[in-house]
Amino acid sequence: MAAALGSSASAQTTTPQSGTMAPGGSTYTSSPVIRKVRCVTACASRKRLRGGSTARIEGRYLSGVTKVTFHGSVGRRDDRRVAVKPGTSTRRLSVPVPLSAVSGPVSVNVSKTVKSRRSRSVKILPAPEIEPNPVLSVVPGTGQAGAPKLETATSRTKFYFAGSNVRFAWRVTHPSPVNVTVDLIRTDGSVAHTWNPGAAQPGQTQSLLWRGTLAGAQAPPGRYSFRLNAASASGARTRSSTTAPVDSRDAFDLLPHIFPVRGRHNFGQRGARFGSGRSGHSHQGQDIMAKCGTRMVAARGGKVRAKGYQSSAGNYLVITGSRSGQDYAYMHLTEPSAFDRGDKVLTGQRIGTVGDTGNARGCHLHFELWRKPGWYNGGRPFNPLPALRDWDSYS
Ligand SMILES: [Zn+2]
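Residues numbered from 1 in each chain as written. Predicted model: local features only at pLDDT ≥ 70, side-chain atom pairs only at ≥ 80, totals over all residues. Heavy atoms only, no water.

A.B. asks: Help me understand the pairing of strand E13 (residues 178-185), please; the structure alone is not making it clear to me.
C.D. replies: In the case of a regular strand, side chains alternate between the two sheet surfaces. Burial analysis of E13 places seven of its eight residues in the buried class, the great majority of the element. Relative to strand E14 (residues 191-200), E13 is paired through seven bridges, and the arrangement is antiparallel. Looking at the pairing, Val 180 lines up with Gly 198 of E14. In terms of strand pairing, E13 meets strand E18 (residues 222-231) through seven bridges, oriented antiparallel. Within the sheet, the bridge partner assigned to Val 180 lies in E18 and is Ala 230. (Buried < 20%, exposed > 50% of the residue type's maximum accessible area, 1.4 Å probe, protein only. Helix = DSSP H or I, 4+ residues; strand = E, 2+ residues; numbered from the N terminus. Pairing = 2+ DSSP bridges.)

So this is what it looks like as structure tokens:
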């Protein structure tokens, strides 16, 4: 009897139909099911996935999915999560594969509790390195006969949001002025933005600068590329690239943060974790162990909210991140930071060195992340370790 009850109860909770009413009136949401994960764009050879590809997940009950996790192979440190917009198809879902994703199972979440099981391990090859193109160089000709000859350049292959920017330059060779547009291409090959600089005078170099925002908000991190489109007065067209950014000309990576300790480091033992016991309170951050004097930089640029010295924090600095909605706190610095309250700081800018001022056992950076509205201003600290591991993997 108990066994029969048990099995019918589990059948009810694991295989409900989408949107059916449960006894008592609440609505079930069916757990999504992954059947297959395949590569659709920017694939490696033989349609295999790599960082920067677009994957298609096939299965059931996929329309409400809001998050895809690439689990990788070693614990949580190589997990990569991608937020997705709920789609209309219950059977398929497209998702960009993060550049630093590695082989392993994939799972999807509708909400915190409604999620799929992990898929079988999916092989993911590394994303190719970007070929730098910092000075104007000729685009190999693939345009129509009589089309303008193009030269392009992109100032850098990697830039940090709120820290630097990227400049795209071009020059056309043609007997008469040429109408040009510049597309910003996303990882999946779609167009994120188009600039209309108008007519290009033959032989003149023109350029534009992008700071990593789209419609006033931070653009999602990932690989992008610039594409120059040109049309002559007679209608002959050409463009500077035809492939997705993962291996196209004039590609670059937009990164949201940089790892704050610029030298050898580790995340210490259990006591270094967020939430571990301290006398009278719990640890509000993650400790990053490194030699005293190791260079420390702003993980995210923004504005200095607080700076000071306190008996347990030692020399500390708190930066409100530009458009990130978070506060970043750095403690035990060897010397007071050169930055003061109200100063603007760029991502990656040196803010001090790792020290052991205040109540610190051994040299380390005590690092905290706070949700809006921030540090001792109504916000709450949260575990920064997953974010730190992510930043550490690419910077
Ligand atoms: Zn600490």
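There's plenty left to go through after this.
A.B. asks: Help me out: how do you make sense of the coordination of the zinc ion in this one?
C.D. replies: Around a metal, the ideal angle is 109.5 degrees if four donors adopt a tetrahedral arrangement and 90 or 180 degrees if six donors adopt an octahedral arrangement. Looking at the zinc ion, the protein donor atoms are His 283 (NE2), Asp 287 (OD) and His 366 (ND1), and they sit 2.0 to 2.1 Å from it. Taken in chain order, the donor set of the zinc ion reads H-x3-D-x78-H. Comparing His 283 with Asp 287 shows no difference in burial state: the two are buried. (Donors = N, O, S within 2.8 Å, 3.2 Å for Na, K, Ca; no water.)

A.B. asks: Looking at this model, I keep getting lost on the environment of Lys 67. Mind explaining?
C.D. replies: On the secondary structure map, Lys 67 appears in strand E4 (residues 67-70). Those residues in contact with Lys 67, other than ones at most four positions away along the chain, are Arg 81, Val 82, Ala 83, Val 84, Ser 107, Val 108 and Asn 109. (Contact = heavy atoms within 4.5 Å.)

A.B. asks: Explanation requested: the sheet that holds strand E6 (residues 92-96) in the structure shown.
C.D. replies: Two orientations exist for strands paired in a sheet by backbone hydrogen bonds: parallel and antiparallel. Strand order in the open sheet made by the three strands is E1-E3-E6, with antiparallel pairing throughout. The open sheet terminates on both sides in strands that have one partner only, identified here as strand E1 (33-41) and E6. Averaged over all pairs of adjacent strands, the angle between strand axes in this sheet comes to 25 degrees, irrespective of strand direction. Where E1 and strand E3 (residues 54-60) come together, seven bridges link them in antiparallel fashion. When the bridges of E3 are listed, Lys 36 appears paired with Glu 58. (Axes fitted to C-alpha atoms, helices over the stretch in contact; angles between N-to-C directions.)

A.B. asks: Can you help me understand the side chain of His 257 in this one?
C.D. replies: Positionally, His 257 belongs in the loop between strand E20 (251-255) and strand E21 (277-278). Within polar-contact distance, the side chain of His 257 engages the side chain of Tyr 328 at 2.8 Å. Not counting chain neighbours up to four residues away, the residues in contact with His 257 comprise Tyr 160, Ala 299, Arg 300, Tyr 328, Trp 391, Tyr 394 and Ser 395. (Polar contact = N/O pair within 3.5 Å; in protein donor to acceptor, adjacent residues only side chain to side chain.)

A.B. asks: Please explain the packing of aromatic side chains as it appears in this structure.
C.D. replies: Aromatic rings in a pair are described by how distant their centres are and how their planes are angled relative to each other. Counting across every chain of the model gives 15 aromatic pairs. An angle of 45 degrees between the planes, with centres 5.6 Å apart, marks the rings of Tyr 316 and Trp 375 as tilted. With Tyr 316 in strand E26 (residues 314-321) and Trp 375 in the loop between strand E30 (364-371) and strand E31 (381-382), this residue pair connects regions lying 59 residues apart in the sequence. Cluster of aromatic residues (ring-pair linked, three or more members): Phe 159, Phe 168, Trp 170, Trp 195, Trp 210, Tyr 224, Phe 226 and Phe 252. Seen from the ring of Phe 382, Arg 371 lies directly overhead, with NZ or CZ sitting 4.1 Å from the centre. (Phe/Tyr/Trp six-rings, centres within 6.5 Å; stacked < 30°, edge-to-face > 60°. Lys NZ or Arg CZ within 6 Å of the ring centre and 35° of its normal.)

A.B. asks: In this structure, what is going on with the pattern of salt bridges? I would like to understand it.
C.D. replies: Proximity of charged atoms lets side chains of opposite charge pair with each other. Throughout the structure, instances matching the rule amount to 11 salt bridges. Taking the shortest distance from any N to any O, the salt bridge between Asp 79 and Arg 81 comes out at 3.8 Å. By relative accessible area, Asp 79 is classed as buried at 10%. Across the pair Lys 307 and Asp 340 runs a salt bridge, and its minimum N-O distance is 2.8 Å. In this pair, Lys 307 is assigned in strand E25 (residues 302-310) and Asp 340 in the loop between strand E27 (326-333) and strand E28 (344-345), connecting sequence segments 33 residues apart. You can call Lys 307 partly exposed: its relative accessible area is 30%. What makes Asp 340 partly exposed here is its relative accessible area of 40%. Each of the salt bridges in this network shares a partner with another, and the network as a whole consists of Arg 38, Arg 56 and Glu 58. (Salt bridge = Lys/Arg side-chain N within 4 Å of Asp/Glu carboxyl O.)

A.B. asks: Teacher, can you tell me more about the state of the cysteines here?
C.D. replies: Cysteine pairs can be linked by a disulfide, which is a covalent bond between their two sulfur atoms. Within the structure shown, the criterion is met by two disulfides. A sulfur-sulfur distance of 2.1 Å marks the disulfide that ties Cys 39 to Cys 43. Its torsion about the S-S bond being -105 degrees, the disulfide of Cys 39 and Cys 43 is classed as left-handed. Cys 39 gets classed as buried once you look at its relative accessible area, which sits at 5%. (Disulfide = S-S within 2.5 Å.)

A.B. asks: When you look at the environment of Ser 279 in this model, what are you seeing that I'm missing?
C.D. replies: Relative to the helices and strands, Ser 279 resides in the loop between E21 and strand E22 (281-282). As a C-alpha pair, Ser 279 and Ala 42 span 237 residues in sequence and 53 Å in three-dimensional space.

A.B. asks: What should I look at first to understand the side chain of Ser 119 in this one?
C.D. replies: With respect to the secondary-structure elements, Ser 119 resides in the loop between strand E7 (106-109) and strand E8 (124-125). Given a relative accessible area of 15%, Ser 119 falls into the buried group. When sequence neighbours within four positions are dropped, the list of residues in contact with Ser 119 reads Ile 34, Pro 105 and Val 106.

A.B. asks: Can you walk me through a positive patch on the surface in this structure?
C.D. replies: Positive charge collects at one region of the surface, where Lys 67, Lys 112, Lys 115, Arg 118, Arg 371 and Arg 380 lie side by side. Residue placement: Arg 118 occurs in the loop between E7 and E8. Classification of Arg 118 by relative accessible area gives exposed; the value is 56%. (Patch = residues over 30% accessible without salt bridge, like charges linked within 9 Å, V, L, I, M, F, W, Y side chains within 5 Å. Areas by Shrake-Rupley, 256 points an atom, 1.4 Å probe, with all protein chains shown as cover. Lys, Arg positive; Asp, Glu negative; His and termini not counted. Charge placed at Lys NZ, Arg CZ, Asp CG, Glu CD.)

A.B. asks: I would appreciate a short explanation of the environment of Lys 149 in the present structure.
C.D. replies: In this structure, Lys 149 sits in strand E10 (residues 149-154). Looking at Lys 149, the relative accessible area reads 40%, which means it is partly exposed. Spatially, the C-alpha atom of Lys 149 lies 23 Å from that of Phe 252, the residues being 103 residues apart in sequence. Not counting chain neighbours up to four residues away, the residues in contact with Lys 149 comprise Val 138, Arg 171, Val 172 and Thr 173.

In short, the description is geometric, and any link to function would need to be established separately.
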